[in-house]
Amino acid sequence: MTIQEVMERTGTNETGLVIAWLKDAIHLIQSTYNENVGTWQTNITDGVRDYPIPANLIKIMSISVLDTQEKKYKRIRRMVHQPIMTKDNDPE
Amino acid sequence: MSKNVEESYAYYISGRNIQLYEIAYSGANEDVTYSVRLPEYKDQIKLKYPDETITSGLMFEGTAFIEPFVDVDPNELSGGNQPTLTEVTSPNEVSHINLNRMLSLACVDYVKGMLAERSNDINKKEYYMKEFFSKLADSESNKRKQVFIQPVNPFALR
């Protein structure tokens, strides 16, 4: 369906506003259901704890780490609570 | 070399970041191969920062804002094959929404709802938002075939 068709069905001629609302609707759809799923890879760096969530990611389905022995990505567990730190950085 | 990563890594979501921890059982992450662990070893679990560099080692999977607008209709086959979609970064009137027909109709309801909200007609907005979510549910249930089997009561009068 084209944006033109959406505008005709809704009886408006404000293209920019309709596109903005369509982006909102798509965002809401992606937030509700797994309509368009993607994957993002990033490097794990020795001694680095924080990794940014990809900017265009809407809903996290899983996070995996590469098992280099088996050459497979395996899902890892999510911690419900933040671990207690003895110092403010490395808990080791 | 990373191994048993499903046992030896865990993450915590902290705002826009994830905190990635390596779990060290009994102080050494190579001890995770045993199948039975006694309860007293729980005290030996420690968390530490990842202690090795893994290229493309972390993978996120999820829904995203991927190619929301494309140049051709994603719901029409091209010569019997899947259409080749190219993202339109600056969408205009002739761009297509990259959704199936049902979800595109849901988007029409969403826009109608927003127009109703702009004219302060909240009841109408609620109606269109209900239609929006109803079409979302329709689209999702179209992907699944579910059979409900209900036993008939043998003493029921028919």
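Residues numbered from 1 in each chain as written. Chains lettered and ligands numbered in written order. Predicted model: local features only at pLDDT ≥ 70, side-chain atom pairs only at ≥ 80, totals over all residues. Heavy atoms only, no water.

Observations concerning the overall build of chain B
Then, in step 1: Of regular secondary structure, chain B possesses 3 helices and 6 strands.
Then, in step 2: Each helix (α) and strand (β) of chain B, taken in turn from the N terminus, gives the series α-β-β-β-β-β-β-α-α.
Then, in step 3: Here chain B holds 158 residues, and 41% of them are scored as buried.
Then, in step 4: Sequence separation of at least 24 residues holds for 41% of the intrachain contacts in chain B that already meet a minimum separation of 6.
Then, in step 5: For chain B, the accessible surface area stands at approximately 9,800 Å², while carbon and sulfur atoms represent 48% of it. (Helix = DSSP H or I, 4+ residues; strand = E, 2+ residues; numbered from the N terminus. Buried < 20%, exposed > 50% of the residue type's maximum accessible area, 1.4 Å probe, protein only. Contact = heavy atoms within 4.5 Å. Areas by Shrake-Rupley, 256 points an atom, 1.4 Å probe, with all protein chains shown as cover.)

Notes on the interface of chain A and chain B
Put simply, an interface is often sized by how much accessible area is lost when its parts join up.
Then, in step 1: Listed by partner, the interface residues are 78 residues for chain A and 73 residues for chain B.
Then, in step 2: Considering only the side of chain A, the residues that lose the most area to chain B are A:Met1, A:Trp21 and A:Ile44, jointly responsible for 11% of the buried surface there.
Then, in step 3: At the junction of chain A with chain B, the criterion picks out 4 salt bridges.
Then, in step 4: Summed over the shared surface of chain A and chain B, the result is 36 residue pairs in polar contact (both at pLDDT 80 or more).
Then, in step 5: Those elements giving two or more residues to the side of chain A that touches chain B turn out to be helix 1 (3-10), helix 2 (15-32), strand 1 (37-44), strand 2 (50-52), strand 3 (57-67), strand 4 (72-75) and strand 5 (77-78) of chain A.
Then, in step 6: Per-class residue counts for the side of chain A that touches chain B are 36 nonpolar, 25 polar and 17 charged.
Then, in step 7: Pairing of strand 1 of chain A with strand 4 (residues 54-64) of chain B, which is carried by 7 bridges, proceeds in the antiparallel orientation. (Buried area = accessible area lost by both parts, 1.4 Å probe. Salt bridge = Lys/Arg side-chain N within 4 Å of Asp/Glu carboxyl O. Polar contact = N/O pair within 3.5 Å; in protein donor to acceptor, adjacent residues only side chain to side chain. Nonpolar A, V, L, I, M, F, W, Y, C, P; charged D, E, K, R; others polar. Pairing = 2+ DSSP bridges.)

Thoughts on the sheet that holds strand 3 of chain A
Then, in step 1: Sheet architecture is open: 4 strands sit in the order 1(A)-4(B)-3(A)-4(A), paired in antiparallel fashion. Pairing within the sheet leaves two strands with one partner each, and these edge strands are strand 1 and strand 4 of chain A. Strand after strand, the sheet turns through a mean of 35° between neighbouring axes, direction not considered.
Then, in step 2: Judged from the 4 bridges that link them, strand 3 of chain A and strand 4 of chain A form a sheet pairing that is antiparallel. Pairing of A:Asp67 across the sheet is with A:Lys72, part of strand 4 of chain A.
Then, in step 3: Lying on the sheet, helix 2 of chain A is in contact with strand 3 of chain A together with strand 4 of chain B; it crosses strand 3 of chain A at an angle near 50°. (Axes fitted to C-alpha atoms, helices over the stretch in contact; angles between N-to-C directions.)

Some details on the packing of helix 1 of chain A against helix 2 of chain A
Pairs of packed helices are described in terms of their axes, by the angle between the two and the distance that separates them.
All names here are of chain A.
Then, in step 1: Their axes nearest at 10 Å, the elements helix 1 and helix 2 cross at an angle of 100°. If you check the angle between helix 1 and helix 2, you find them roughly perpendicular. Along its contact with helix 1, which presents Ile3, Val6 and Met7, the element helix 2 presents Thr15, Val18, Ile19 and Leu22.
Then, in step 2: Of the residues contributing to the contact of helix 1 with helix 2, the split by class is 6 nonpolar, 1 polar and no charged. (Parallel < 35°, antiparallel > 145°, perpendicular 65-115°, else oblique.)

Section: helix 2 of chain A
Since the α-helix turns once every 3.6 residues, residues separated by three or four places project in the same direction.
Then, in step 1: Taking 1.5 Å as the rise per residue, helix 2 of chain A with 18 residues should run 26 Å; its terminal C-alpha atoms sit 26 Å apart, in good agreement.
Then, in step 2: Residues of helix 2 of chain A that are buried: A:Thr15, A:Val18, A:Ile19, A:Trp21, A:Leu22, A:Ala25, A:Ile26, A:Ile29 and A:Gln30. (Expected span 1.5 Å × (residues − 1).)

Examining the nonpolar core
Then, in step 1: Core analysis: the biggest nonpolar cluster contains 26 residues, and A:Val6, A:Leu22, B:Phe69 and B:Phe132 have the highest contact counts within it.
Then, in step 2: Ranked by residue count, the leading element in this core is helix 2 (residues 101-118) of chain B, at 8 residues.
Then, in step 3: Not counting chain neighbours up to four residues away, the residues in contact with A:Leu22 comprise A:Ile3, A:Val6, B:Phe69, B:Ile97, B:Cys107 and B:Val111.
Then, in step 4: Among the nonpolar cores identified, the runner-up in size contains 18 residues, and A:Ile76, B:Val5, B:Tyr9 and B:Phe60 belong to it. (Core = buried A, V, L, I, M, F, W, Y, C linked by side-chain atoms within 4.5 Å.)

As for the confidence of the model for chain B
Residues and elements named next belong to chain B.
Then, in step 1: Mean pLDDT over chain B: 83, with 85% of residues reaching 70 or higher.
Then, in step 2: Within chain B, helix 2 carries the highest mean pLDDT (94), whereas strand 3 (residues 46-48) carries the lowest (78).
Then, in step 3: The low-confidence segment residues 27-32 (pLDDT under 50) makes 7 contacts with residues lying over four places distant or belonging to another chain.
Then, in step 4: Within the model, pLDDT remains below 50 along residues 34-38, and this stretch shows 4 contacts once partners closer than five positions in the same chain are excluded.
Then, in step 5: Both scores are given for the predicted complex: the pTM is 0.77, the ipTM 0.84. (pLDDT = per-residue confidence, 0-100.)

Observations regarding the pattern of salt bridges
Then, in step 1: Within the structure shown, the criterion is met by 15 salt bridges over all chains.
Then, in step 2: Measuring nitrogen to oxygen at the nearest pair gives 3.2 Å for the salt bridge that ties B:Glu117 to B:Lys125.
Then, in step 3: What makes B:Glu117 partly exposed here is its relative accessible area of 33%.
Then, in step 4: Between B:Glu140 and B:Arg144 there is a salt bridge whose closest N-O contact spans 3.0 Å.
Then, in step 5: Connected through salt bridges with shared partners, the residues A:Asp67, A:Glu70, A:Lys72, A:Lys74 and B:Glu6 form a single ionic network.

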